[in-house]
Protein chains: 2
Amino acid sequence: MKGTLIVLGIGPGSPEMMSQAARREIEESQVIVGYTRYLSLVKDLIQGKETFGTGMTKETERVRESLNLAATGKRVCLISSGDAGVYGMAGLALELQYAMELEDQVEVKVVPGITAANSCASLLGAPLMHDFAVISLSDLLTPKETILRRLELAAEGDFVTVLYNPKSKKRVDHIEQARQIYLKHRKGSTPVGVVNEAYRETCEVMITTLDELEGLYDRIHMGSTVIIGNSATRRMGDRMVTPRGYEV
Amino acid sequence: MKGTLIVLGIGPGSPEMMSQAARREIEESQVIVGYTRYLSLVKDLIQGKETFGTGMTKETERVRESLNLAATGKRVCLISSGDAGVYGMAGLALELQYAMELEDQVEVKVVPGITAANSCASLLGAPLMHDFAVISLSDLLTPKETILRRLELAAEGDFVTVLYNPKSKKRVDHIEQARQIYLKHRKGSTPVGVVNEAYRETCEVMITTLDELEGLYDRIHMGSTVIIGNSATRRMGDRMVTPRGYEV
């Protein structure tokens, strides 16, 4: 019997933000694999099921193990937060399915979720009403020159820009380099939103400007998302809005 | 009593792809406003409620009316497909809330949904594993020069690129101009995915290349989303995958 590996994003972290489809996939799976932290977010759904909780590294091993389990005919669900298709495990699952020559034994199914760009935008107001770029500041898998070059081009093109992984304990300088690049192309008064832990109990929503973003560096970490407005983005009360162009 | 306007995206079109939070907001609202087509997608949830269905234009009037209704103290839900925060009604709702000076009478709440970039990516495989740009090819509200310039910069920066509104009945040439721009920066063999009506019964998923995209123009319309791979994107069987950079 052909097994199934479902690669699934549960959204920003509140089980309420998960789709019905994702919930059903979890309920219908026999084995649930994911970071211990994510498993705890869906603990009510996975009671009584076989689970594998893991720490925050060894992605390749985790996906390989999930595929091997599915190859025994089981229905395996690999869960992550946000959308598994954005800097997530969906690509690795498909790459390894082919590298391990499991196309005939395992079907890989990707179930979309609400990614940080969208969940954080909703908490900030409406910053993504116009063309935007999504860039990860992590250089673990991407050369730093590539990251800087993309920031430069996105800034030049007046894209609203969503920064994933803006800062980690070891990597603290990229966010300032990004800020300097954007200051070459946009006013210091450009609104910038910072959201920590969207839709969790520890959620924080902050709006500042490119000029004053420095003052928030202490509060930016791996669970943060930063959204830099374009030249039309305005602050309206406690919201950040990029007009699409309608006459109001 | 302060009223509430909830601006809500139901995701790609199957009610199953809506979040629990979105479903609850619809259930708790007194008035539901939206395109007739979207209202029909959630008809089971809105039985017995006051509804306003409208055609595909007059966005400003629709939002203004929704705000006026909310200002009477009601809980009004303005629904759209995808994510209301991406080229949607969220921005207009916040802009008009301020323009109409309703900050004290109406609370505007944005509830995120799964946008076409993510729903279409999941059907294609995993094209958004790396930095990406989202660009609308509609010039109804954006000067054409801005669109072309952003395409040029996104192509140059090797961003995976998601094209919203790639073609309409009256506007058929932008998609070809986009293709020509990407061909200056990427190989003709670069995978390109086209998804029509994601997660609806009429859903179509197609994978081609930059060279051969022309052959699909007849099948691309306003309900299509086009995803152009970056220089690393590969086709694997019937999937399109952008490796994130793990060793497999």
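Residues numbered from 1 in each chain as written. Chains lettered and ligands numbered in written order. Predicted model: local features only at pLDDT ≥ 70, side-chain atom pairs only at ≥ 80, totals over all residues. Heavy atoms only, no water.

It is worth spelling out the overall build of chain A at this point. Check the secondary structure of chain A and you find seven helices and 13 strands. Expected size for 248 residues packed as a compact globule is a radius of gyration near 18 Å; at 19 Å, chain A falls within 12% of this value. Based on the C-alpha atoms only, the size of chain A along its principal axes is roughly 60 × 35 × 35 Å. Out of the 248 residues in chain A, the part that is buried amounts to 62%. (Helix = DSSP H or I, 4+ residues; strand = E, 2+ residues; numbered from the N terminus. Rg over C-alpha atoms; globule rule 2.2 N^0.38 Å. Buried < 20%, exposed > 50% of the residue type's maximum accessible area, 1.4 Å probe, protein only.)

A few words now on the sheet that holds strand E4 (residues 75-80) of chain B. Residues and elements named next belong to chain B. Spatial strand order, E3-E2-E4-E1-E5: five strands in an open sheet with parallel pairing. Looking at which strands have only one partner, the edges of the open sheet turn out to be strand E3 (50-54) and strand E5 (106-111). Averaged over all adjacent pairs, the angle separating strand axes in this sheet is 15°, with direction ignored. Inspection of the sheet shows strand E2 (residues 31-35) paired to E3 by five bridges, in the parallel sense. Bridge pairing in E3 places Val31 opposite Glu50. (Pairing = 2+ DSSP bridges. Axes fitted to C-alpha atoms, helices over the stretch in contact; angles between N-to-C directions.)

For interface size, the figure often reported is the accessible area lost on association. Taken together, the contact pairs 70 residues of chain B with 70 residues of chain A. Counting the surface chain B buries against chain A, the share from its top three residues, Glu95(B), Arg150(B) and Tyr246(B), is 12%. Across the chain B-chain A interface, the total number found is eight salt bridges. With a shortest N-O distance of 3.8 Å, Asp158(B) and Arg150(A) are connected by a salt bridge. Taken together, chain B and chain A are joined by 34 residue pairs in polar contact (both at pLDDT 80 or more). The element that contributes the greatest number of residues to the side of chain B that touches chain A is helix H4 (residues 90-99) of chain B, accounting for seven residues. Considering only residue class, the side of chain B that touches chain A consists of 34 nonpolar, 20 polar and 16 charged. Looking at chain direction, strand E7 (residues 132-136) of chain A and strand E7 (residues 132-136) of chain B are connected through three bridges and run antiparallel. Residue pairing across strands places Ala133(A) opposite Ala133(B), the latter belonging to E7(B). (Contact = heavy atoms within 4.5 Å. Buried area = accessible area lost by both parts, 1.4 Å probe. Salt bridge = Lys/Arg side-chain N within 4 Å of Asp/Glu carboxyl O. Polar contact = N/O pair within 3.5 Å; in protein donor to acceptor, adjacent residues only side chain to side chain. Nonpolar A, V, L, I, M, F, W, Y, C, P; charged D, E, K, R; others polar.)

So, about the confidence of the model for chain A. Averaged over every residue, the pLDDT of chain A is 95; the share at 70 or more is 99%. Scoring of the predicted complex yields 0.97 for pTM and 0.97 for ipTM. (pLDDT = per-residue confidence, 0-100.)

Attention now goes to the sheet that holds strand E12 (residues 234-236) of chain A. The pairing of strands in a sheet comes from backbone hydrogen bonds and takes either a parallel or an antiparallel form. Residues and elements named next belong to chain A. On the basis of which strands lie adjacent, the open sheet formed by three strands has the order E6-E13-E12 and mixed pairing. Two strands close off the open sheet at either side, each with one partner strand: strand E6 (125-126) and E12. Two elements, E6 and strand E13 (residues 239-241), share two bridges in a ladder whose sense is parallel. Bridging from a neighbouring strand, Ala126 pairs with Val241 of E13.

On any regular strand, side chains alternate: one points to one face of the sheet, the next to the other face. Residues and elements named next belong to chain A. Burial of strand E8 (residues 160-164) is extensive: five of the five residues sit out of reach of the surface. Neither face of E8 is open: one carries Val160, Val162 and Tyr164, the other Thr161 and Leu163, and all of them are buried. Across five bridges, the pairing between E7 and E8 is parallel. Following the sheet pairing, Val134 is matched in E8 by Val162. Once the chain exits E7 it traverses helix H6 (residues 144-156) before rejoining the sheet at E8, and the crossover so formed is right-handed. In this sheet, strand E11 (residues 224-228) lies alongside E8 in antiparallel orientation, the contact comprising three bridges. The residue bridging Leu163 from the neighbouring strand is Val226, located in E11. (Right-handed = clockwise from strand over helix to strand, strands pointing away.)

This part takes up the relation of the copies chain B and chain A. Of the transformation superimposing chain B on chain A, the axial component is 0.0 Å and the angular component is 180°, with the fit at an RMSD of 0.0 Å. Expressed as a symmetry operation, the mapping of one chain copy onto the other fits a two-fold axis. A high fraction, 100%, of the interface residues of chain B reappear at the interface in chain A, so the copies pair face to face through one surface. (Least-squares fit on C-alpha atoms with pLDDT ≥ 70 in both.)

Residue and element names in this part refer to chain B. Summed over all chains, the structure comprises zero disulfides over all chains. Between Cys203, a free cysteine, and Cys120, which holds the nearest cysteine sulfur, the sulfur-to-sulfur gap is 7.8 Å. On the accessibility criterion, Cys203 (27% relative accessible area) is partly exposed. (Disulfide = S-S within 2.5 Å.)

Before going further, it helps to spend a moment on the packing of helix H6 (residues 144-156) of chain B against helix H7 (residues 174-185) of chain B. The relative placement of two packed helices is expressed as an angle between their axes plus a distance between the axes. Residues and elements named next belong to chain B. For the pair H6 and H7, the least separation of the axes is 9 Å and the interaxial angle reads 30°. Put simply, H6 runs roughly parallel to H7. Note on packing geometry: the crossing formed by H6 with H7 is right-handed. Mapping the contact onto sequence places Lys144, Leu148, Leu151, Glu152, Ala154, Ala155 and Glu156 in H6 and His174, Gln177, Ala178, Ile181, Tyr182, Lys184 and His185 in H7. Among the residues making up the contact of H6 with H7, the classes are represented as seven nonpolar, three polar and four charged. (Parallel < 35°, antiparallel > 145°, perpendicular 65-115°, else oblique. Left-handed = near helix turned anticlockwise from the far one by under 90°.)

Attention now moves to the side chain of Ser19(B). Its location among the elements puts Ser19(B) in the loop between strand E1 (3-9) and helix H1 (20-28). Of the polar contacts made by the side chain of Ser19(B), one reaches the backbone nitrogen of Ala22(B); its length is 3.0 Å.

By the secondary structure assignment, Glu95(A) is in helix H4 (residues 90-99). In this view, Glu95(A) contacts Arg234(B), Met236(B), Val241(B), Pro243(B), Arg244(B) and Val248(B); residues no more than four positions away in its chain are not counted.

Here we take up helix H3 (residues 59-70) of chain A. Between its first and last C-alpha atoms H3(A) spans 17 Å; for twelve residues at 1.5 Å apiece the expected length is 16 Å, and the two agree. Buried residues of H3(A): Glu59(A), Thr60(A), Arg62(A), Val63(A), Ser66(A), Leu67(A), Leu69(A) and Ala70(A), and no others. (Expected span 1.5 Å × (residues − 1).)

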